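# Structure assessment
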Amino acid sequence: MKNPNIFFYATSELSQDAFICWLLDWARPELAQVDGLLNSCAKYLIGRFFAKHGLRIPDSIKTVNVRRQASNIDVLCEVNGEYVILIEDKTATKNHSGQLLRYLEKVQAMGVDREKVVPIYLKTFDQSCYKKVNEDGYKEFVREDLIEVLNFGIGLGVTNAIFTDFYEHLCGISERVDSYLTEPVEGWSRKPLAWVGFYKWAQKSLGSGTWDYVANPSGGFMGFWWAFQETAFGKLYLQLEENRLCIKIKVDAQNGTERRKTRTIVFDALKKQLADIDSRFARPARFGSGKYMTLLVCEGYLKADGNGVVDLESTLVGLKRAEAALKDLHLTEPSCTE
């Protein structure tokens, strides 16, 4: 039986902010006499933040000043009155609307040299891509990084209830993400983080791709996109909509008639080529005529073993075959007749 965990209920980013501030505050040198283990772990966390930027932590931490929501910045941690660790803290949300650069500018406006700012993007749930985060000068500090720090503390002997509750909370997220490896595929709909784990595996195994939640009137789904191919008719790509593998096209034509014409030409070419590769690709129940259109759908791309658990090797073979078919597709402009 598991004991009650405060972070099962305190799930907001503000609660996570509070924990990060609480742990960093233990790095104050005077607190080494109160709890030397927490003090050591807090200093280790600061060191890991510095290391993300290739910086060396000061030999001696003399002062630590932690502030939360200063100028709308989640966490600011001033070390030795010289360095400022700027933390943008996220759970399930992502960076948006230029906020990372704004926060960096705010810190510099406080008179801190850019070379002394340590910008950290702390993310405890998963995110598909951190390219923009890095371009804005931040380094991602993901759940696995934070678990490693907390593991260090537990290895030292930390038994503080707040500390261990947060550690177990993070491990619980990882267990749910990794459940795609052991949970029968039919049960993933009840465990949406299993799709995150599967898409992370697909992204790594395919060497490309982006995933995210897609909201729609039907209730939304977790989607994964890859294998983009530019053609004379538009951009073709593959999309996973949880249990469905779709071949999609993005068409720039503004006229609905032209989009439908393009859809028909590409659908006919695809259907002919894929007939010998996977007969389960079929016309969708309803054709659209918008900028983004589904051309073909395969309902059974996920392979499973005798227990209903995903067979990753066989599934990957099918995904790569669909990818190769899209790359090998030859589309030509129809001849113009009077």
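Everything below is about the structure printed above this text.
Described below are features of the structure shown in this document. Predicted model only: the values in this text are computed from it and were never measured.

### As for the sheet that holds strand β10 (residues 292–298)
Here five strands make up an open sheet; going across it, the order is β6-β7-β8-β9-β10 and the pairing antiparallel. Every other strand in the sheet has two partners, leaving β6 (210–214) and β10 as the edge strands with one partner each. Within this sheet the neighbouring strands show an average axis-to-axis angle of 30°, counted without direction. Taken together, the six bridges between strand β9 (residues 244–250) and β10 define a ladder with antiparallel strand orientation. Among the inter-strand pairings, Lys250 is bridged to a residue of β10, identified as Tyr292. Sheet contacts for helix α9 (residues 256–274): β8 (234–241), β9 and β10; angle to β10, the most-contacted strand, approximately 20°.

### Comments concerning helix α4 (residues 99–109)
Those residues of α4 that sit buried are Gln99, Leu100, Tyr103, Leu104 and Val107. Viewed along the axis of α4, the buried residues span an arc of 135°, placing them on a single side of the element. Those residues of α4 that are exposed and angled more than 90 degrees off the buried face are Glu105 and Ala109. Close packing links the buried residues of α4 with β2 (73–79), β3 (83–90), β4 (117–123) and α5 (131–135). With its phi angle positive at about 95°, Gly111 sits one or two positions after the end of α4.

### Describing a nonpolar patch on the surface
There is a patch of nonpolar side chains on the surface, built from Leu37, Phe152 and Leu156 and spanning about 210 Å² of accessible area. Overall, the relative accessible area of 31% leaves Phe152 in the partly exposed class.

### Quick notes on the side chain of Glu323
Summarising the element assignment, Glu323 is placed in helix α10 (residues 312–328). Filtering out sequence-adjacent residues up to four positions away, Glu323 remains in contact with Leu206, Trp226, Ala227 and Leu238.

### Comments concerning the sheet that holds β3
Spatial strand order, β1-β2-β3-β4-β5: five strands in an open sheet with mixed pairing. Looking at the sheet topology across the chains shown, the edges are occupied by β1 (64–70) and β5 (139–142). The mean angle between the axes of side-by-side strands here comes to 25°, regardless of whether they run parallel or antiparallel. In terms of strand pairing, β3 meets β4 through seven bridges, oriented parallel. Bridge pairing in β4 links Lys90 to Lys123. Across the sheet, α4 is in contact with β2, β3 and β4; its angle to β3 comes to roughly 155°.

What counts and how
- Residues numbered from 1 in each chain as written.
- Predicted model: local features only at pLDDT ≥ 70, side-chain atom pairs only at ≥ 80, totals over all residues.
- Heavy atoms only, no water.
- Pairing = 2+ DSSP bridges.
- Helix = DSSP H or I, 4+ residues; strand = E, 2+ residues; numbered from the N terminus.
- Axes fitted to C-alpha atoms, helices over the stretch in contact; angles between N-to-C directions.
- Contact = heavy atoms within 4.5 Å.
- Buried < 20%, exposed > 50% of the residue type's maximum accessible area, 1.4 Å probe, protein only.
- Arc of directions from axis to C-beta.
- Patch = residues over 30% accessible without salt bridge, like charges linked within 9 Å, V, L, I, M, F, W, Y side chains within 5 Å.
- Areas by Shrake-Rupley, 256 points an atom, 1.4 Å probe, with all protein chains shown as cover.
- Salt bridge = Lys/Arg side-chain N within 4 Å of Asp/Glu carboxyl O.

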